[in-house]
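Examination of the molecular architecture
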Amino acid sequence: MERKGTLSNSADAAPKADRVIKIIAAICFVLIGVALYAIRNSPAIGYELSIYKATPPLALACLLSCIASGIGIIVYQVSKVRNWWQTGLALILLSNLIIVLLPFLRGYAFSAVDDHLGHLGAVKDILQTGGIPSSNFYPPTHILISQLCSITNVSPEAMINFAGPFFYILFVSFTYLLSREILFRSAAILATAAGTVLICYYYAQIFPMGFTFMIFPLVFYLYFKYQKQGTASVGIPLILLIALTVLFHMVAGFMLTVALLVIELGKPIFNKLYSRKKELPHSFSSRVKSISLSFFLVSFIILLLWVWRYYGIWESRVLQVVRWFHLELLVKPMTTQAAEAFTTLGLSLSDQLELFVKMYGHFAIYAVLCIIPLIVIVRRRDFPGNTDMKSVFLFSCVFVVTAAMAIIDIVRPMTGLNAGRIIWAVTALFPPLVGLALYKIGGIEPHNNKELIKKPTSHNIKPGRAIAVGLIITVCSLIGIFSIYPSPFILQPNLGATHMDTSGEYWLLEQGNPELRVIGVGYVTPDRFARALWGTPIQNYPRWDSFAPKNFNYTEYQALGESLDRDKYMSIDKAGELAYLELYPQIDKFTTSDFAKLQRDSTIDKLYANGEMRIWYVHSQSTEK
């Protein structure tokens, strides 16, 4: 009788819990609507040093509440047979999508002024010419965006805002597919939740290499599925996807080639470690298939063909190819760059640690969490449930090698793109291992389907552990949200471009004398905007020369023109002015008095001003010109 009463109480609790979740979800969806309304009704009226500070606090509070609620629903439902966790996932995704679309929703001209504008130019090339210029080394991203523009009749300037969010949704979806293929249900759900964290800045920009890394979970999903089934219906799509990966971005293609080789070489290691473990179930302790280099060779050959096709970017020299993959001596390591910046800004050790937590705290937390399943693997233990131990082991091998390469890349750059970019490959591999770690921390007891049907409301995770799991994901989400955009919070100025920035640069490009060079204060340069305006076709316009000299050389000369060897244009945008006056006053590069002296400088003429962007003509007074 006592047992029956317990079951009856559990059955009664299920509808009550569902009703509570429905109410919370309904409130959160309303809050998302409120946040969206508040954001759309507070457009940016000029340059904002911090997009977070300029966004209505009510909107941020609503979105953060919805994300926290979504995480809570997922953690509560993770060991249940019902699928209310999908509602929690939807809340997180919708809230994060609004965050990554903040520049677009608040009326920015562009979310960033660096490579983002160059990719816009590549999209315009395809739309204007119907072809792909030979200088486009990774066209699939640009082809996809241009086709979406054609189908939807949306301008490329607007469509580029949705490329990052599109791949973000794909990444979360592919993470779920991979996790469900190699993990049991509870860990897979937690892995998917971990994959929603905004850990990459390219969710809000166009970044072909980053987008390619986000496809990696789908590649591994098909690979491990093929290892089990061995059917052509899986193998053919896998081969096509491997080929497409190389075309998306060469560095990502190189990393995938390495990963496929590591997986194959990891098979005999697994056999040696696990084949004689008598305490493991037979399905786990059986030997994996012998090494097969088929997929590795496909990736490697296509990579070589790509290198052969675009050999011109390395000036036809083998040495240049070597430098592309390894030993790029002209690129400073991230450690060196960081040390120089810390010295310039005068940051103490505690300040540096605080900045690291703000920018990379979620990376560090995920890295520590990944150690937990790796320890389980090294100790040759098994994860409860229907975990595919073979696939988890091979996937872990890829993670360890990729992480090692990323660490090396930070200290000694391996690519000519920029130091530390291989870290983005690691972020794509985090979720499955993080899901396993969260499962361990939560102490979740997996049940077979029969047990779940008999006791659908049984609590398999203790409240204290559930709170710990929820807090980990929530903290990582918060760090990701407040570090995805440059802001004073992480000692960086907002790199978004206003419409006045765009108007000023377009005026200079179209009206300026192409024989003159441009110096400037700020982050807006004419070369990037030339690509955004015209695409690849070469146009005559004033080219970028360098940043304006410190203090406009007023410490040594009476006028700026006295220090220049030839006439030049000078552009000053609001971003640069605020960065030096408010964000980095300690470096004393430009002061209020320096900008005031420009108004009285007899060697310069103001040509253009719109409240955000100023363009000057500097007359050289040098006798050597």
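Residues numbered from 1 in each chain as written. Predicted model: local features only at pLDDT ≥ 70, side-chain atom pairs only at ≥ 80, totals over all residues. Heavy atoms only, no water.

**Regarding the overall build of the protein chain**
Within the protein chain one finds 27 helices and five strands. When each of the 625 residues of the protein chain is scored for burial, the buried share is 53%. Across the protein chain, contacts joining residues at least 24 apart in sequence account for 77% of those joining residues at least 6 apart. Surface accessibility of the protein chain: about 27600 Å² in total, with carbon and sulfur atoms responsible for 62%. (Helix = DSSP H or I, 4+ residues; strand = E, 2+ residues; numbered from the N terminus. Buried < 20%, exposed > 50% of the residue type's maximum accessible area, 1.4 Å probe, protein only. Contact = heavy atoms within 4.5 Å. Areas by Shrake-Rupley, 256 points an atom, 1.4 Å probe, with all protein chains shown as cover.)

**Side note on the sheet that holds strand β4 (residues 604–609)**
Taking strand neighbours across the sheet as the criterion, the five strands line up as β2-β1-β3-β5-β4 in an open arrangement whose pairing is mixed. For this open sheet the edge positions go to β2 (543–547) and β4, each flanked by a neighbour on one side alone. Direction aside, the axes of adjacent strands within the sheet are offset by 30° on average. Against the sheet, helix α24 (residues 499–511) makes contact with β1 (517–521), β3 (568–573), β4 and β5 (613–618), and its axis sits at roughly 30° relative to β5, the strand it touches most. Sheet contacts for helix α26 (residues 574–583): β1, β3 and β5; angle to β3, the most-contacted strand, approximately 65°. (Pairing = 2+ DSSP bridges. Axes fitted to C-alpha atoms, helices over the stretch in contact; angles between N-to-C directions.)

**Some thoughts on the packing of helix α12 (residues 216–229) against helix α14 (residues 250–274)**
One way to put it is that α12 packs onto α14 with a least axis distance of 12 Å and a crossing angle of 30°. On the basis of the axis angle, α12 is roughly parallel to α14. Note on packing geometry: the crossing formed by α12 with α14 is right-handed. Judged by residue contacts, Phe216, Val219, Phe220, Tyr223, Phe224 and Gln227 of α12 engage Ala252, Met255, Leu256, Ala259, Leu260, Ile263, Glu264 and Lys267 from α14. Along the lines of polarity and charge, the residues of the contact of α12 with α14 split into 11 nonpolar, one polar and two charged. (Parallel < 35°, antiparallel > 145°, perpendicular 65-115°, else oblique. Left-handed = near helix turned anticlockwise from the far one by under 90°. Nonpolar A, V, L, I, M, F, W, Y, C, P; charged D, E, K, R; others polar.)

**Description of the environment of Ala163**
Tracing the chain through its elements places Ala163 in helix α9 (residues 163–182). It is 9.1 Å that separates the C-alpha atoms of Ala163 and Phe207, two residues lying 44 residues apart in sequence. Sequence-distant contacts of Ala163, defined by excluding residues within four places in its chain, comprise Ile145, Ile206 and Phe211.

**Remarks on a nonpolar patch on the surface**
A grouping of Leu265, Ile291, Leu293, Leu297, Phe300, Ile301, Leu304 and Leu305 is seen on the molecular surface, where their side chains present a nonpolar patch of about 700 Å² in accessible area. When residues of the nonpolar patch are assigned to their parent elements, the largest contribution, five residues, is made by helix α16 (residues 294–309). Relative to the helices and strands, Ile291 is located in the loop between α15 (282–285) and α16. Classification of Ile291 as partly exposed rests on a relative accessible area of 42%. (Patch = residues over 30% accessible without salt bridge, like charges linked within 9 Å, V, L, I, M, F, W, Y side chains within 5 Å. Salt bridge = Lys/Arg side-chain N within 4 Å of Asp/Glu carboxyl O.)

**A look at the packing of helix α6 (residues 115–129) against helix α25 (residues 526–534)**
At a minimum axis separation of 7 Å, α6 and α25 run at an interaxial angle of 25°. Comparing the axis directions of α6 and α25 gives the class roughly parallel. Considering how the two elements wind past one another, α6 and α25 form a crossing that is left-handed. Side by side, α6 and α25 meet where Asp115, Leu117, Gly118, Leu120, Gly121, Ala122, Lys124, Asp125 and Gln128 of the first sit next to Arg528, Phe529, Arg531, Ala532, Leu533 and Trp534 of the second. Its residues assigned to classes, the contact of α6 with α25 shows seven nonpolar, three polar and five charged.

**Here's the deal with the environment of Leu64**
Take Leu64: it is sitting in helix α3 (residues 57–77). Through-space distance from the C-alpha of Leu64 to that of Thr474 is 9.3 Å; in sequence the pair is 410 residues apart. When residues no more than four places from it in sequence are discounted, the contact partners of Leu64 are Leu478, Ile481 and Phe482.

**Observations regarding the pattern of salt bridges**
Counted by the stated rule, this structure contains 12 salt bridges. Across the pair Arg517 and Asp545 runs a salt bridge whose closest N-O atoms are separated by 3.9 Å. Taken together, the residues Arg517 in strand β1 and Asp545 in strand β2 connect sequence positions 28 residues apart. On the basis of relative accessible area, Asp545 is assigned to the partly exposed category, the value being 32%. The partner of Lys568 in a salt bridge is Asp545, with the nearest N and O atoms 2.7 Å apart. With Lys568 in strand β3 and Asp545 in strand β2, this residue pair connects regions lying 23 residues apart in the sequence. With a relative accessible area of 10%, Lys568 lands in the buried category.

**Quick notes on the packing of aromatic side chains**
Under the definition given, this model contains 41 aromatic pairs. Here the aromatic rings of Tyr202 and Trp424 are separated by 5.7 Å at their centres, their planes lie at 80°, and the arrangement is edge-to-face. With a gap of 222 residues between them, Tyr202 in the loop between α10 (185–195) and α11 (208–213) and Trp424 in helix α21 (residues 423–442) connect regions that are remote in the sequence. We note that Tyr202, like Trp424, is buried. (Phe/Tyr/Trp six-rings, centres within 6.5 Å; stacked < 30°, edge-to-face > 60°.)

**Describing the confidence of the model for the protein chain**
This prediction gives the protein chain a mean pLDDT of 85; 85% of its residues lie at or above 70. In this model, residues 1–11 is a region of pLDDT below 50 whose contacts with residues beyond four sequence positions or in other chains number four contacts. Counting interchain partners and residues more than four positions distant, the pLDDT-below-50 stretch residues 312–317 has 10 contacts. (pLDDT = per-residue confidence, 0-100.)

**Observations concerning the side chain of Thr427**
For Thr427, the location among the structural elements is in helix α21. Once residues lying within four places of it in the same chain are set aside, the contact partners of Thr427 are Phe171, Ile199, Cys200, Tyr202 and Phe363.

**Structural notes on unusual backbone geometry**
In most cases, non-glycine residues show a negative phi, while peptide bonds are predominantly trans. Positive phi, normally seen in glycine, also occurs at Asn553, with a value near 65°. Mapped onto the elements of the fold, Asn553 is located in the loop between β2 and β3.

**Describing the pairing of β5**
Taken across its six residues, β5 has six buried, putting it largely inside the fold. A two-sided burial pattern is seen for β5, the buried positions comprising Met613, Ile615 and Tyr617 on one face and Arg614, Trp616 and Val618 on the other. With six bridges connecting them, β3 and β5 associate as antiparallel partners. The partner of Ile572 across the bridge, within β5, is Arg614. With five bridges connecting them, β4 and β5 associate as antiparallel partners. Bridge pairing in β5 links Asp605 to Tyr617. Here β4 folds back onto β5 in antiparallel fashion, the turn holding three residues, of which Gly611 has a positive phi close to 100°.

**Focus on the nonpolar core**
For soluble globular proteins, the rule of thumb is that nonpolar side chains tend to be buried together. Counting 159 residues, the largest nonpolar core has Tyr203 and Phe220 as the members making the most contacts within it. The element best represented in this core is α21, accounting for 12 residues. Non-local contacts of Phe220, meaning those with residues more than four positions away in its chain, are made with Leu178, Ala259, Ile263, Phe395, Val398 and Leu429. Counting 16 residues, the second-largest nonpolar core is a separate cluster that includes Ile519, Phe552, Leu564 and Trp616. (Core = buried A, V, L, I, M, F, W, Y, C linked by side-chain atoms within 4.5 Å.)

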